[in-house]
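A closer look at the structure
Next come the chains, spelled out residue by residue.
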Amino acid sequence: ANSSSGALINIDDPGSSEGSRFPDTLVPVWQIYPTKDNWKAVLFNLHAETKRQHALDDMMEYKVPTITSLLHLVQHEEINPSSILFFPVFDRFNDFINPREVVGSVSIVFTWEAILRKVLPKYIEGITVVLESSDSTDPELQRQQQWTYDISGEEVTLLGEGDLHEQTFNAFEHRV
């Protein structure tokens, strides 16, 4: 459906999240900044998409911050692997007697390129990083996601999807 301004409005959300441990929980994007580039996400139900749903379910069940697997954000026209950190908001401060309930979340959206840009000092060049995420508990997400970056100081270049590092350097591999 289109609004009077021509903006696309999603009215097809069923209001429940099939496959979720919290199927009747809605998590609409209520506030977002900057609005100019992110307006498509306003009122999007984060709990309706599988990767976000899994991280939100873990946050609500375990009451700890969680992170999504690798995502493609609607505001990016080109592929730029990103994730969302969900931080729980509780109904009260912890009093160690009564259990707290999650009543919301603060979402921190970031690209891995921005994170990797701050990893190395400027004088170190030519590091290849293979970013990998997987989720062995969800059949839809069991496929590993891999993206390869070249990092030279603060210059980060996405080389592409998959493990594209030079195999001759396997002896120097370090997994974190």
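For clarity, every value in this text was computed on a predicted model and none was experimentally measured.

Right, let's talk about a nonpolar patch on the surface for a bit. A cluster of nonpolar side chains, F87, V89, V103, V106 and I108, forms an exposed patch at the surface whose accessible area comes to about 430 Å². Sort the elements by how many residues they give to the nonpolar patch and strand β3 (residues 102-111) lands first, with 3 residues. In this structure, F87 sits in strand β2 (residues 82-90).

So, on to the nonpolar core. With 13 residues, the main nonpolar core has L46, L56, M59, M60, F86 and V102 as its most contacted residues. Counting residues per element, the ones that place at least two in this core are α2 (50-62) and β2. Considering every element that reaches this core, the biggest residue donor is α2, with 4 residues. The contacts of M60, once residues within four sequence positions are left out, are F22, T25, H47 and V102. Core analysis: the next-biggest nonpolar cluster, separate from the first, contains 9 residues, L70, W147, I151 and V156 among them.

Looking now at the sheet that holds strand β4 (residues 127-133). Here we have 3 strands laid out as an open sheet, ordered β4-β5-β6, and antiparallel in their pairing. Strands at the two margins of the open sheet, each flanked by one partner only, are β4 and β6 (155-161). When strand polarity is set aside, the average angle formed by the axes of neighbouring strands in this sheet is 25°. As paired elements, β4 and strand β5 (residues 145-152) share 7 bridges and run antiparallel to each other. Its bridge partner being in β5, S133 is matched across the sheet by Q145.

About the criteria used
Residues numbered from 1 in each chain as written. Predicted model: local features only at pLDDT ≥ 70, side-chain atom pairs only at ≥ 80, totals over all residues. Heavy atoms only, no water. Patch = residues over 30% accessible without salt bridge, like charges linked within 9 Å, V, L, I, M, F, W, Y side chains within 5 Å. Areas by Shrake-Rupley, 256 points an atom, 1.4 Å probe, with all protein chains shown as cover. Salt bridge = Lys/Arg side-chain N within 4 Å of Asp/Glu carboxyl O. Helix = DSSP H or I, 4+ residues; strand = E, 2+ residues; numbered from the N terminus. Core = buried A, V, L, I, M, F, W, Y, C linked by side-chain atoms within 4.5 Å. Buried < 20%, exposed > 50% of the residue type's maximum accessible area, 1.4 Å probe, protein only. Contact = heavy atoms within 4.5 Å. Pairing = 2+ DSSP bridges. Axes fitted to C-alpha atoms, helices over the stretch in contact; angles between N-to-C directions.

By themselves, these figures tell us nothing about what the structure is for.
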